[in-house]
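One-letter residues, chain by chain:
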Amino acid sequence: MGATTIRNIDAELFAVPLAEVLSDAMHGDHSHFELIVVRVTLADGTEGAGYCYTGGRGGHAIRAVIEHDLAPVLLGRDASAVEELFGFMEGYLHYVGRGGIAGFAISALDIALWDLRGKARGESLRLMAGGAGRTAKAYRGGIDLNFPLEKLLASVRGHLDAGFNGVKIKVGQSDLAKDVARVAAVRELVGPEVAFMVDANYALSVDQAIAAARAFAPFEPLWFEEPIIPDDYRGYGRIAEATGMPLAMGENLHTLEEFGLAFAESRLSYIQPDAGNCGGITAWLRVAGMARAAGIPVCSHGMQELHVSLLAGQGGPKDPHAGWLEVHSFPIDAYTTRPLLVEDHLAVAPDVPGTGVVFDGALLGPHRVGPS
């Protein structure tokens, strides 16, 4: 048995409460998020950690796929063959997977393998992701559709006070006038120099999205995120053609083939892969390569403590290819030994071997969910 042979795989599920209930137009209320943490141990005792998360549903199933389907067939394999194992996992679960629950499970394991790779090489994730920069542009993404206007504005002020020069709010209400009032009030508050994004969480039809894009246009959002379901690739193209509004999506694309369709048909201005569901770091980097070829900036969704290294490695804040890091309202980084560091409006990537994401057992432990 070689030193890099996989000896053990352990998966844990945590249900982490949020400080308050957060809402969006499609998923409803969030009282907590789920965190699935995977630890891969090698024959020489080296351990790598990976993870994924949910909005509070599906965590038990993800853990089950890892424990019952993937772990048994990965034991005894060479952990250093990261890309080969990614392809194996995709193929092994293809008939029942193709994204969804399987994509989340593969992502967590792939991230653990990259953690091991970095530790073996003595390289940080930002170096393995290209090493072009040390920082990334960062914006604060709110889940705030349930907030009354005054609370929304207070929340946005808090984001600015925390050092962010970009903010995103939720839209997608049945009454467009209410959305427009929120967008107008936030733009007036932040002024013209702050990047401002809006996100409908695919709550609208194409026609509704066209009307919303035209109504939002005077307030110059940097992008309109997920106005419609992610599967309607040509619908995104119709919205972009009709309105000229910059569009963004990607958090709900879970296979490389889906991203390929989005690049080909959706006329996006930004792409937002999430390494926690698209297939891990391996898939995220491949999407970033597709984005570079298409001339579209690659951004992120959630998991800011991990994505900061990927975006920094892609080019840093001055490279148009490296887009914006979302600092999500699910504060996974608060349960690590290094919460996200923001300096001069920029998120700073860690410079330690591996992914740089180390969970704090004392903080996370009380939220562990036992076997189902």
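To keep things clear, this report deals only with the structure shown in the data block. (Residues numbered from 1 in each chain as written. Predicted model: local features only at pLDDT ≥ 70, side-chain atom pairs only at ≥ 80, totals over all residues. Heavy atoms only, no water.)

## So, the sheet that holds strand 3 (residues 47-54)
A sheet is described by the order of its strands in space; here 4 strands give the open sequence 3-2-1-13, paired in antiparallel fashion. Strand pairing shows two members of the sheet lacking a second neighbour, strand 3 and strand 13 (368-369), which therefore form its edges. In the sheet, strand 1 (residues 6-24) pairs with strand 2 (residues 28-42) via 14 bridges, with the strands oriented antiparallel. Its bridge partner being in strand 2, Ile-6 is matched across the sheet by Leu-42. Across the sheet, helix 3 (residues 100-121) lies against strand 1, strand 2 and strand 3, angled at about 150° from strand 3, the strand it touches most. (Pairing = 2+ DSSP bridges. Helix = DSSP H or I, 4+ residues; strand = E, 2+ residues; numbered from the N terminus. Contact = heavy atoms within 4.5 Å. Axes fitted to C-alpha atoms, helices over the stretch in contact; angles between N-to-C directions.)

## Considering the side chain of Ser-107
Structurally, Ser-107 is set in helix 3. Looking at Ser-107, its side chain comes within polar contact range of the main-chain oxygen of Ala-275, at 3.4 Å. In this view, Ser-107 contacts Ala-275, Gly-276, Asn-277, Cys-278, Gly-279 and Gly-280; residues no more than four positions away in its chain are not counted. (Polar contact = N/O pair within 3.5 Å; in protein donor to acceptor, adjacent residues only side chain to side chain.)

## With respect to the packing of helix 5 (residues 149-161) against helix 6 (residues 176-190)
Two elements in contact, helix 5 and helix 6, have axes separated by 10 Å at closest approach and are oriented at 35°. The two elements helix 5 and helix 6 cross, and the hand of that crossing is right-handed. Each of Leu-149, Leu-152, Leu-153, Val-156, Arg-157 and Leu-160 in helix 5 lies in contact with helix 6, whose residues at this interface are Arg-182, Ala-185, Val-186, Leu-189 and Val-190. (Left-handed = near helix turned anticlockwise from the far one by under 90°.)

## Some words on the environment of Gln-272
Secondary-structure assignment places Gln-272 in the loop between strand 9 (270-271) and helix 10 (280-294). The class of Gln-272 is buried, set by a relative accessible area of 1%. It is 13 Å that separates the C-alpha atoms of Gln-272 and Ala-138, two residues lying 134 residues apart in sequence. Contacts of Gln-272, omitting those with residues within four sequence positions, involve Tyr-139, Trp-223, Glu-225, Ala-248, Met-249, Gly-250, Glu-251, Cys-299, Ser-300 and His-301. (Buried < 20%, exposed > 50% of the residue type's maximum accessible area, 1.4 Å probe, protein only.)

## Structural notes on helix 6
One turn of an α-helix holds 3.6 residues; hence residues three or four places apart share an orientation. Spanning 15 residues, helix 6 covers 21 Å between terminal C-alpha atoms, matching the ideal 21 Å at 1.5 Å per step. Burial in helix 6 covers these residues: Asp-179, Arg-182, Val-183, Ala-185, Val-186, Arg-187 and Val-190. In this structure, the buried side of helix 6 is in contact with helix 5, strand 5 (166-170), strand 6 (195-199) and helix 7 (206-216). The opening residue of helix 6 is Asp-175, an N-cap whose side-chain oxygen sits 3.0 Å from the backbone nitrogen of Ala-177. The positive-phi residue at the C-terminal boundary of helix 6 is Gly-191, with phi of around 80°. (Expected span 1.5 Å × (residues − 1).)

## Thoughts on the pattern of salt bridges
A complete count under the given rule lists 15 salt bridges for this structure. The partner of Glu-12 in a salt bridge is Arg-368, with the nearest N and O atoms 2.8 Å apart. Linking Glu-12 in strand 1 with Arg-368 in strand 13, this pair joins segments that are 356 residues apart in sequence. A salt bridge links Glu-83 to Arg-117; the nearest nitrogen and oxygen atoms lie 2.9 Å apart. Placement of Glu-83 in helix 2 (residues 82-92) and of Arg-117 in helix 3 is noted, with a sequence separation of 34 residues between them. By relative accessible area, which is 32% here, Glu-83 ends up partly exposed. (Salt bridge = Lys/Arg side-chain N within 4 Å of Asp/Glu carboxyl O.)

## Some remarks on the pairing of strand 2
Walk down a regular strand and you will see the side chains alternate between the two sheet faces. With antiparallel pairing between neighbouring strands as the criterion, strand 1 and strand 2 make up a hairpin whose turn holds 3 residues. Here strand 2 pairs with strand 3 via 8 bridges, running antiparallel. Within strand 3, the position partnered with Val-40 by the bridge is Gly-48.

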